[in-house]
Amino acid sequence: AGPDPPCGLCSAAAAPYTCPRCHRRLCSVRCYRAHGPCAEAFYRDQVLEALRAERSSPPSSALPGLRELREPGDPVRPTGRGLWEQLSEAERDGFRRLLSSGEAAALLPRWRPWWWRGRGRVEELGDGSGPEEEDEEGDEGRPGPPPPVPTSVPPLSALRAAPPSPLVRFQLPNALFGYAFALSLHGGDETLLPELPDAAIAASAALRDRRPFASTAEALLSARRDARAAGLPLSPLGDSGALLAVAQLLEGRDSRDPGADVAAALWHLWRLLKAGAQALPPPERGRFRGARRKVGFLLSWSRGATEELAQLAREAREVYAEVAAEEAEVAQIREGLEKVWGGPRPPPREEEVVD
C-alpha cells in the first residue's frame, strides 16, 4: 500500500487522517480543525442530523455520508448512507454521550459570537483550558459582524395600555440565554431553520409562555435547566459560558448606547423566529409567532431601561461567577480522579474483568 501521503496543511511526512468532506490527508486533529470551514460545516451537519434523528424517528438516516476520521489500524467502515445501522450499540451510546456532554464541540473550530470583545477585556468564552491558538493563525475564531441595531422601535406604550410589571425585567436574561445558547449550539449558521430558533424557544420559558421570574438568577438557571430538559447538547461556549454571554450582551460594547447589543440580539432573534416560522407548516407556526411578540415587547422595554439593563448585567455577572467557580471545583475533582484512574474512566471492577 505504501506510506501515507504528506499532510495537506503542514506537509508533515505522515498524514493518517482523512477529511470526510474534501478528502484532504491530514497529520493531526490540530491540522484537521485548522484546515478551514470544511471541517466545521461537516461536523455541525452530522451533529444536527443525529439530533433530529434522535428526536423524531429511529436513527436510520443519522449521519448520512459520514466517513470516519480514524486512527491508523482502526477497521475501515463502508461509507455512504446506513452507517448508523453499522455502529454497535456501544458506539451509538458513545456518540450520544459526546453530543449530550458537549465533548463533540471539541471537534469544531472555535466559534466566536459577535458580541465577543477579545482577550484582555473580558474572560475567554470556552473551556478555559489554555491560550487560544487561533488568535495567531488568521481569521479562524474571530467574531463575525454584529447584527444591525433596529433604527426605530415602537414605544412600550404602543404595545400595552397598563404599565409593565416590575418583574418583566427578569424575562430579558431568560430570553437572551435562549438566543445565545441557540446561536452557539448551531455555530451561528442562520440557514439552520427552524432548528436554530426552535432551540432558543426550548431553552427560554419567557419565549414559550408567561412564566414569571423573581430574580435574574432564577431566570438564568431556569433557562439552563430547560435546555437540558429539552435534550439539547451542552453549549459549545461551556455551561458557564452561556451565562457569561448574557452578561456581556447586557453590558454592551458601546458606552454611548449600552443597550445597543441587547437591541441587536433581540432584533436578530425576532428575525430568526420569523424565518423559522416560514420554514414550518402553518399549523406549527403559532409558538414562533407568540415568541416573536414577546421579543418585540422586550425590545421596546429595553430601549427605555438603561438603568435596569446595568443592574441585570451586574446580577448576571454574579450568577456566571458562581457557576464558573462550581465548574472549576468539579474540574479539579475530576482531574484528581483521572490521575487515580489513569484515564478518563474508572478501571473495570474485578468481577467485570473476569466476566
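Residues numbered from 1 in each chain as written. Predicted model: local features only at pLDDT ≥ 70, side-chain atom pairs only at ≥ 80, totals over all residues. Heavy atoms only, no water.

**A look at helix 8 (residues 216-229)**
Taking 1.5 Å per residue, 14 residues should reach 20 Å; helix 8 reaches 20 Å between its end C-alpha atoms and fits that length. Of all the positions in helix 8, only Thr216, Ala219, Leu220, Ser222, Ala223, Arg224, Asp226 and Ala227 are classed as buried. On its buried side, helix 8 packs onto helix 5 (171-185), helix 6 (195-203), helix 7 (205-208), helix 9 (241-251) and helix 12 (306-341). (Helix = DSSP H or I, 4+ residues; strand = E, 2+ residues; numbered from the N terminus. Expected span 1.5 Å × (residues − 1). Buried < 20%, exposed > 50% of the residue type's maximum accessible area, 1.4 Å probe, protein only. Contact = heavy atoms within 4.5 Å.)

**Here's the deal with the pattern of salt bridges**
Applying the stated criterion across every chain yields a total of six salt bridges. For Arg317, the salt bridge goes to Glu251, with nearest N and O atoms at 2.7 Å. On the criterion of sequence distance, the pair formed by Arg317 in helix 12 and Glu251 in helix 9 is long-range, its members being 66 residues apart. The exposure class assigned to Arg317 is buried, which follows from its relative accessible area of 19%. We classify Glu251 as partly exposed; its relative accessible area is 29%. (Salt bridge = Lys/Arg side-chain N within 4 Å of Asp/Glu carboxyl O.)

**Digging into the packing of aromatic side chains**
Scanning the entire structure with this criterion turns up four aromatic pairs. Judged by centre distance (5.4 Å) and plane angle (85 degrees), the ring pair of Trp114 and Trp115 falls under edge-to-face. One exposure class covers both Trp114 and Trp115, and it is buried. Taken together, Trp114, Trp115 and Tyr179 form an aromatic cluster joined through their ring pairs. Positioned above the aromatic ring of Trp116, the side-chain terminus of Arg112 is 4.3 Å from the ring centre. Sitting over the ring of Trp270, Arg292 keeps its end group 5.4 Å from the ring centre. (Phe/Tyr/Trp six-rings, centres within 6.5 Å; stacked < 30°, edge-to-face > 60°. Lys NZ or Arg CZ within 6 Å of the ring centre and 35° of its normal.)

**Describing the nonpolar core**
Grouped together as the largest cluster of nonpolar side chains are 63 residues, with contacts concentrated most on Leu172, Leu176, Phe177, Tyr179 and Leu250. Contributions of two or more residues to this core are made by helix 5, helix 6, helix 7, helix 8, helix 9, helix 10 (260-278), helix 11 (286-302) and helix 12. In terms of residue count, the dominant contributor to this core is helix 5 (10 residues). Ignoring anything within four residues of it in the chain, the contact list for Leu176 reads Val246, Leu249, Leu250, Val262, Ala265 and Leu266. Cys7, Tyr17, Cys19 and Tyr32 belong to the second largest nonpolar core, which has seven residues in total. (Core = buried A, V, L, I, M, F, W, Y, C linked by side-chain atoms within 4.5 Å.)

**Brief notes about the UniProt feature "coiled-coil region" (unreviewed entry) in the protein chain**
The UniProt record marks residues 302-329 with the feature "coiled-coil region" (unreviewed entry), using the residue numbering of this structure. Annotation note: span residues 302-329, helix share 89%, strand share 0%, distance between end C-alpha atoms 36 Å. (UniProt positions renumbered as here; feature names shortened; annotations may be inferred.)

**A word on the packing of helix 5 against helix 10**
Contact geometry for helix 5 and helix 10: axes closest at 10 Å, N-to-C directions at 65 degrees. Handedness of the helix 5/helix 10 crossing: left-handed. Every residue of helix 10 that contacts helix 5 at Leu172, Ala175, Leu176, Tyr179 and Leu183 is listed here: Val262, Ala265, Leu266, His268, Leu269 and Leu272. Counted by class, the contact of helix 5 with helix 10 contains 10 nonpolar, one polar and no charged residues. (Axes fitted to C-alpha atoms, helices over the stretch in contact; angles between N-to-C directions. Left-handed = near helix turned anticlockwise from the far one by under 90°. Nonpolar A, V, L, I, M, F, W, Y, C, P; charged D, E, K, R; others polar.)

**A short note on the state of the cysteines**
Taken as a whole and judged by the stated rule, the model has zero disulfides. In this structure Cys7 is a free cysteine whose sulfur lies 3.8 Å from that of Cys10, the closest cysteine sulfur available. A relative accessible area of 4% means that Cys7 is categorised as buried. Cys27 supplies the cysteine sulfur nearest to Cys10, a cysteine that is in no disulfide, at a spacing of 3.5 Å. With relative accessibility at 43%, the residue Cys10 sits in the partly exposed group. (Disulfide = S-S within 2.5 Å.)

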